[in-house]
Amino acid sequence: MMSQSHRKGRNDATRVSAHVWESSPLTGKQLNAIASLVKMTSERLVPTHIASEEEGRDRQVGKATYDSEILDVHSAHQFHQWYTDIEARRKVEADERFRCHLDALDQYIKMCDVLLESADRSQEAFISLKDNYKSIVGRRQALRDECSQLASEKKRLLQFVQVLNEKLEHFEELEKIVHSFPGGLSKVDKDGFIPMLKRLDDCSSFIDAHPQYTAYSTYSVKCSQLRSRALSGVRSHVFATLRTAVNLVRQHRVEEKSSTDNSGSPSEGLITPVFYVKFRSAISSLRPLMVEIDSRARLGGVTANKKEYAQVMSDCRTTYCEQRTALVLDFVKLRISNYSTEVSLHAFIRASCSYFLQVCRAERELFEGAFPLESSDVVPTLWTLMEPIGAALHDAIRPRYIALNDVYILAELVDLLVEEIMEEQLGKHGETGDVMRPFVQALLGDIRERLVFRAQSFIKEEVENYRPSDADLDYPGKLEHTSTAAVQEDINATGTNVLPEDYADQSLQPIAGHSKSGRSHQSWYPPLQSTLSCLAALYRSLDSRTFSGLAQEAVQICSASILAASRTIMSRTSSFDGRLFAIKHLLILREQISPFESDLAAHSVPTRELDFSHLRGQMRRMLAGELSLFSTSPDANALIVLAAKGAPRLVESTVDSQRELERHLKVVCEAYIMAVTRQIVEPMLGFITKVTALRVSGTLAADSPVSSAAFAAPQRLAEVVTQVNDSLDTHLPTCVEKMSLYLTGSATREIIFNPIRSNIAEAHSQIATLLEREYQPEDLKQVPLCSPAVLSEMMSKVSSKF
């Protein structure tokens, strides 16, 4: 049916195309194509089997033709009949091949129709198979979705069941704990206590995390009660264990005392097993429980639980410290008292701190045998235990250093604590040394306070209130005696290396000694010796701020004492000796405090004073009548004005003793330079002053020379110059020798002598200028004034003695 419809469609298409072909005019190009096709198809290409058949037929036809050709033709009718037969046979022969080919094509068409029918049936079967496949795929996806839904539902239900079982498990476990608490598991020393405590915390954490449950409050209270009962049992168990250990140690001590003939102090060999080994074995069972409690105190999930466990841990540690302190404190006090009566204070402190460190190390090891101990908890935890022992040691040391009045011994104690104990002993023991460090720092602070107090008293007694004797103020005799002794000692001692005596190159050195430095110290003023020795002792013993305050005060007091002694020497001996005394000792003081100059500059001492200077104006107004006590005007009433504007002002300033020392030294040096200058060239200075006054007063005519005045006659000027020359020959070398006696530093003498040289040269220059301007040439011969070259040579000879 389908093949017939296809053939019908093809025939219709062929007819339509033929009709279109016949009705459409052909172009020249199409006609040429047709001619080419005709030419190409004139020779037919026939298959081999058809070609063989045609050749057979041709031979037969030829034979027949030949046979027919041999027929006799006698008439035109026969000829036409023969010719017609020949034409008919030829037409038949000509069409035979096409009919055979047409039959073959019909067979092919039938075969194609059969194939098309088979293809149509296959296509219909394939379409049906495709529809069935789509249906199967849809049903399979639906089945898969249903299976997945069922699996997820099953999984959800299983999870729900599991979650429900987990939640119910906590409540069931809590009920088990409640029922088991009155039994054997309530005992802390049983093996099941720690697992029971873990389960209880898990139940409590779960209940606290779900406050929306109906029975939350009931079970929360029940968990708190059970935990409180458990932790109370822990406290009781720890206390009972510690009491048992203490009683065991005390019992052994009683037995050992009786075995040592009531000596009252067991030997050192018996102390370790009694106080530590037996005690450790008695409390070793506490460590697993304490480790669990400490871990829950540090890693607990609920803050309330952490606080409760931390409190229990703190109570247990406190109980341990109390019991342990009560056990060992008496023995430690006995050992400390034995140390204190047998050795000096330095050795006592050294031995006591070493013993304290040993006890601290042993107590830490013993503590870690029962309690876990983190690095951050070592100092606060063990200090609670070691504080009573440290207090006992401090109480034994305190009376001995309080009785000390010597500043130098107290400074040695500070050095001992800082360098030997804190840096060496405590630094080697790490965290155990850190436990002892607060005690040493407290002891060091007390000794430093005592040192500061005694240093202030020492400065007040030995410097500020010092009463010098005649020997202390015997200058320059004291220096001459020291210089003579030094020369004699240098002559007697040969081959000895002696340090140069230059104060500008000296630092803080010992006061006593057999070197030149030691001999120079003997010539110092005693308050200066006391000040420098005290500061040398304090420099390494106090912090920079405290030391700078004391140093500022000491330098001020020492400077004032030196200046007071200088004034006394000026009144007793001479002004030159007094000023040189002050210069010498102020220079020594300045150079000797140079090592801690930075500390003095960085920590200046602030002072506060009340300033009433602004009241002067108000008092003047009151005395002038501008302000009255009975005035009704606020601006004119004296009481109101004084109350409003008369409050004193607070003035803050800083005390810089080094600057004050420099100022005092500058003033004394300038005074000495002027005194020497006046002694040498005083006549010249007086003459120049008179000449200046004469010119200023106008009593002398402008065109008259100064030499016309009686005091300025050439003879009088010659006398003045002669006096100055005599002073240069006598007084100047004496001043230089005395300066060399007081000031041993050549650079210092040169600094002071240079202004004196300049002043003398300036005085001679002014006289020379005056001679050239005011006197006749013949008068110059009468005046024996030194020329600048001669004067310079004279000054060089004098300065060469330095």
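If you're wondering where the values come from, they're calculated on a predicted model, not measured in any experiment.

1. A closer look at the nonpolar core
Then comes step 1: Of all hydrophobic cores here, the largest spans 160 residues; its most connected members are Phe-279, Met-290, Tyr-320 and Tyr-672.
Then comes step 2: If you tally residues by element for this core, the top one is helix H22 (residues 657-697), at 15 residues.

2. A closer look at the packing of aromatic side chains
Then comes step 1: Here the structure, examined in full by the defined rule, presents 13 aromatic pairs.
Then comes step 2: Measuring from centroid to centroid gives 5.5 Å for Tyr-525 and Phe-581, while their planes differ by 80°, and the two rings are edge-to-face. Residue Tyr-525 is located in the loop between helix H15 (516-522) and helix H16 (526-539), and its partner Phe-581 is located in helix H18 (residues 575-592); the two are separated by 56 residues in the primary sequence. Exposure class is identical for Tyr-525 and Phe-581. Each is buried.
Then comes step 3: The structure contains a cluster of three or more aromatic residues connected by ring pairs, namely Tyr-466, Tyr-475, Tyr-525, Phe-581 and Tyr-742.
Then comes step 4: Arg-324 extends its terminal NZ or CZ atom over the ring of Tyr-276, reaching a point 4.9 Å from the ring centre.

3. Details of the packing of helix H12 (residues 407-428) against helix H13 (residues 430-464)
Then comes step 1: Where H12 contacts H13, the two axes come as close as 9 Å, and the packing angle between them is 165°. With respect to H13, the axis of H12 lies roughly antiparallel. Here H12 and H13 pass one another in a crossing that is left-handed.
Then comes step 2: Its residues assigned to classes, the contact of H12 with H13 comprises 19 nonpolar, four polar and five charged.

4. Comments concerning unusual backbone geometry
Note: most residues except glycine have negative phi, and most peptide bonds are trans.
Then comes step 1: In this chain, Tyr-475 is followed by Pro-476 through a cis amide linkage whose omega measures 10°.
Then comes step 2: Here Pro-476 is to be found in the loop between H13 and helix H14 (477-492).

5. So, helix H11 (residues 378-402)
Then comes step 1: Along its length, H11 reaches its greatest deviation from straightness, about 50°, at Thr-384, and the proline Pro-388 lies no more than four positions downstream.
Then comes step 2: Burial in H11 covers these residues: Val-378, Thr-381, Leu-382, Leu-385, Met-386, Ile-389, Gly-390, Ala-392, Leu-393, His-394, Ile-397 and Tyr-401.

Parameters and conventions
Here the residue numbering is sequential within each chain, running from 1 through the sequence in written order. In keeping with the model being predicted, local features are shown solely for residues with a pLDDT of at least 70 and side-chain atom pairs are shown and tallied solely at 80 or more, while totals for entire chains, interfaces and linings include all residues. Side-chain metrics rest on all non-hydrogen atoms present in the structure, leaving aside hydrogens and water. Note on terminology: a nonpolar core comprises buried Ala, Val, Leu, Ile, Met, Phe, Trp, Tyr and Cys residues joined through side-chain atoms within 4.5 Å. For each residue, the accessible area found with a 1.4 Å probe, counting protein chains only, is set against the maximum for its type, and the residue is called buried under 20%, exposed over 50%, and partly exposed in between. In DSSP terms, a helix is any run of H or I states spanning at least four residues, a strand is any run of E spanning at least two, and both are numbered starting from the N terminus. The pairing test for Phe, Tyr and Trp rings, Trp by its six-membered ring, is centres within 6.5 Å, and the orientation test on the planes gives stacked under 30 degrees, edge-to-face over 60, and tilted for anything in between. Charges are assigned to positions over rings by a cutoff of 6 Å between ring centre and Lys NZ or Arg CZ, combined with an angular limit of 35 degrees from the ring normal. Axis definition: a line fit to C-alpha positions, over the contact stretch in the case of helices; interaxial angles, taken between N-to-C directions, run 0 to 180 degrees. Here the angle decides the label: under 35 degrees means roughly parallel, over 145 means roughly antiparallel, 65 to 115 means roughly perpendicular, and every other value means oblique. Helix crossings are classified by the rotation of the near helix relative to the far one: an anticlockwise turn of less than a right angle makes the crossing left-handed, while a clockwise turn makes it right-handed. Ten residues, namely Ala, Val, Leu, Ile, Met, Phe, Trp, Tyr, Cys and Pro, are considered nonpolar, four, namely Asp, Glu, Lys and Arg, are considered charged, and the remaining ones, Gly among them, are considered polar. The angle between axes fitted to the seven-residue stretch ending at a residue and the seven-residue stretch beginning at it gives the bend at that residue.

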